[in-house]
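Listed below, chain by chain, are the residues.
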Amino acid sequence: MASHGGGAGGGGVSRETVAAAGATGPGERREGGPGARNGEPKDKKRKESILDLSKYLDKAIRVKFSGGREASGILKGFDQLLNLVLDNTIEYLRDPDDPYKLTEDTKERGLVVCRGTAVVLICPMDGCEAIANPFVQQEN
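On a predicted model such as this, the values are computed, not experimentally measured, just so you know.

### Details of the overall build of the chain
The secondary structure content of the chain amounts to 1 helix and 5 strands. Across the 140 residues that make up the chain, the buried fraction comes to 18%. Sequence separation of 24 or more characterises 39% of the internal contacts of the chain that already satisfy a separation of 6 or more. Of the roughly 11300 Å² of accessible surface on the chain, 50% is carried by carbon and sulfur atoms.

### Some remarks on the sheet that holds strand β3 (residues 84-94)
With antiparallel pairing, 5 strands are arranged side by side in an open sheet as β4-β3-β2-β1-β5. The outermost strands of the open sheet, each flanked by one partner alone, are β4 (102-114) and β5 (119-124). When the angles between neighbouring strand axes are averaged without regard to direction, this sheet yields 30°. The sheet contact formed by strand β2 (residues 70-78) and β3 spans 7 bridges and is antiparallel. The residue bridging Glu70 from the neighbouring strand is Tyr92, located in β3.

### A few points about the environment of Gly73
By secondary structure assignment, the location of Gly73 is in strand β2. Overall, the relative accessible area of 7% leaves Gly73 in the buried class. Those residues in contact with Gly73 that sit more than four places away from it in its chain are Lys59, Ala60, Ile61, Leu86, Asp87, Asn88 and Thr89.

### Comments concerning the nonpolar core
Judged by nonpolar contacts, Leu53, Ile61, Val63, Phe65, Ala71, Leu75, Leu82, Leu84, Leu86, Val112, Cys114 and Val119 together constitute the single largest core of 12 residues. Elements represented by at least two residues in this core include exactly β1 (60-65), β2, β3 and β4. For this core, the leading source of residues is β1, giving 3 residues. Once you skip the residues sitting within four places of it in the chain, Cys114 turns out to touch Phe65, Leu82, Asn83, Leu84 and Leu86.

### Concerning the side chain of Thr89
For Thr89, the position within the fold is in strand β3. According to the relative accessible area criterion, Thr89 is buried, its value standing at 3%. In this structure the side chain of Thr89 is engaged in a polar contact, spanning 3.3 Å, whose partner is the backbone oxygen of Leu86.

### Details of the pattern of salt bridges
Applying the stated criterion across every chain, the model contains 5 salt bridges. The partner of Arg62 in a salt bridge is Glu70, with the nearest N and O atoms 2.7 Å apart. Note on Glu70: relative accessible area 11%, which makes it buried. Across the pair Arg69 and Glu91 runs a salt bridge, and its minimum N-O distance is 3.4 Å. Placement of the pair is Arg69 in the loop between β1 and β2 and Glu91 in strand β3, with a sequence separation of 22 residues. By relative accessible area, Arg69 is classed as partly exposed at 45%. Take Glu91: its relative accessible area is 9%, and that puts it in the buried class. It is possible to trace a salt-bridge network through shared partners that takes in Arg62, Lys64 and Glu70.

Rules behind the numbers
- Residues numbered from 1 in each chain as written.
- Predicted model: local features only at pLDDT ≥ 70, side-chain atom pairs only at ≥ 80, totals over all residues.
- Heavy atoms only, no water.
- Helix = DSSP H or I, 4+ residues; strand = E, 2+ residues; numbered from the N terminus.
- Buried < 20%, exposed > 50% of the residue type's maximum accessible area, 1.4 Å probe, protein only.
- Contact = heavy atoms within 4.5 Å.
- Areas by Shrake-Rupley, 256 points an atom, 1.4 Å probe, with all protein chains shown as cover.
- Pairing = 2+ DSSP bridges.
- Axes fitted to C-alpha atoms, helices over the stretch in contact; angles between N-to-C directions.
- Core = buried A, V, L, I, M, F, W, Y, C linked by side-chain atoms within 4.5 Å.
- Polar contact = N/O pair within 3.5 Å; in protein donor to acceptor, adjacent residues only side chain to side chain.
- Salt bridge = Lys/Arg side-chain N within 4 Å of Asp/Glu carboxyl O.

Below, the structure is given as structure tokens:
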């Protein structure tokens, strides 16, 4: 049996095996489904981001990350995975004793890329105001 498609390993797969597995030949188009490589199904729409961040481009935003970090900066770009590009970024430093409590200290970071999987919250700076937590009991 002759093998086709050799490569560096030398071992190949016969055309009969490929045809029996239902794979497509050269020039044929395979309709979608899990693992489809050559095309998507006709009824599948392109994935879009849940958030429309385009209205915040070139505007100041504040971003909270998993783990407690916070930063603010000018949104310069983003993608559907929520990776963000921020300019003039300021990181708000945390209390060493309580990693979820922010201090008044800040550090300028400049131009940064924020990984989308770490983003927890995005809010515009104008119109954003910190309020006291109504669920925390006040100490008397």
